[in-house]
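Analysis of the macromolecular model
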Amino acid sequence: QVQLVESGGGLVQAGGSLRLSCAASGRTFSTYAMGWFRQAPGKEREFVAAISGSGGTTYYGDSVKGRFTIPRDNAKNTVYLQMNSLKPEDTAVYYCAATPVPDIYYSGYYYTSAREYDYWGQGTQVTVSS
């Protein structure tokens, strides 16, 4: 069982930056691949980014590629989402998720579906003003 707690959300102006954190419980954090998803009002949950347990493999959704990064610190049991050049359309509740496999690429595809993640945080609101 893994418990995830997000923090770092808030209000930021367009063009600004924000860093989200997701702290995980447990002693086997490095064996979990991690992901970030977001959900805006009236929209489906959207994949944002994922990272393998070792941190060696990352993958990003098209809408955030080149602007967001997903580093992790296994010594601190924490994964981050560094968001730069924020746009109003980035406004959403952001969720951290974990899956008990070490990699994010299997059988020719990346883990970008919410169904592939077993554990979820409570979410943190990010609002980008224009």
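Quick summary incoming for the structure in this document. Quantities reported herein were computed from a predicted structural model and do not represent experimental measurements.

1. Re the state of the cysteines
Taken as a whole and judged by the stated rule, the model has one disulfide. Here Cys 22 connects covalently by a disulfide to Cys 96, the sulfurs 2.0 Å from one another. Residues Cys 22 and Cys 96 share a disulfide whose torsion about the S-S bond is about -75 degrees; that sign makes it left-handed. Note that Cys 22 is positioned in strand β3 (residues 18-24) and Cys 96 in strand β10 (residues 92-99), a separation of 74 residues in sequence. An identical accessibility class is assigned to Cys 22 and Cys 96; each is buried.

2. Some points on unusual backbone geometry
Not every positive phi belongs to a glycine, and Ser 85 is a case in point at roughly 50 degrees. With respect to the helices and strands, the residue Ser 85 is situated in the loop between β9 (78-83) and β10. The backbone of Ser 107 sits at a positive phi, close to 50 degrees, despite the residue not being glycine. Take Ser 107: it is sitting in the loop between β11 (105-106) and β12 (109-110). Residue Ser 107 is classed as exposed on the basis of its relative accessible area of 77%.

3. Things to note about the side chain of Glu 6
Positionally, Glu 6 belongs in strand β1 (residues 4-7). Although Glu 6 is buried, it makes no salt bridge; Arg 45 carries the closest opposite charge, 7.8 Å away. Within the structure, the side chain of Glu 6 is placed 2.9 Å from the backbone nitrogen of Gln 122, a separation counted as a polar contact. Separated by 2.9 Å, the side chain of Glu 6 and the backbone nitrogen of Gly 123 make a polar contact. Those residues in contact with Glu 6 that sit more than four places away from it in its chain are Ser 21, Cys 22, Trp 36, Tyr 94, Tyr 95, Cys 96, Gly 121, Gln 122, Gly 123 and Thr 124.

So, how was this worked out
- Residues numbered from 1 in each chain as written.
- Predicted model: local features only at pLDDT ≥ 70, side-chain atom pairs only at ≥ 80, totals over all residues.
- Heavy atoms only, no water.
- Disulfide = S-S within 2.5 Å.
- Helix = DSSP H or I, 4+ residues; strand = E, 2+ residues; numbered from the N terminus.
- Buried < 20%, exposed > 50% of the residue type's maximum accessible area, 1.4 Å probe, protein only.
- Lys, Arg positive; Asp, Glu negative; His and termini not counted.
- Salt bridge = Lys/Arg side-chain N within 4 Å of Asp/Glu carboxyl O.
- Polar contact = N/O pair within 3.5 Å; in protein donor to acceptor, adjacent residues only side chain to side chain.
- Contact = heavy atoms within 4.5 Å.

Function-wise, these values are silent; they only describe arrangement.
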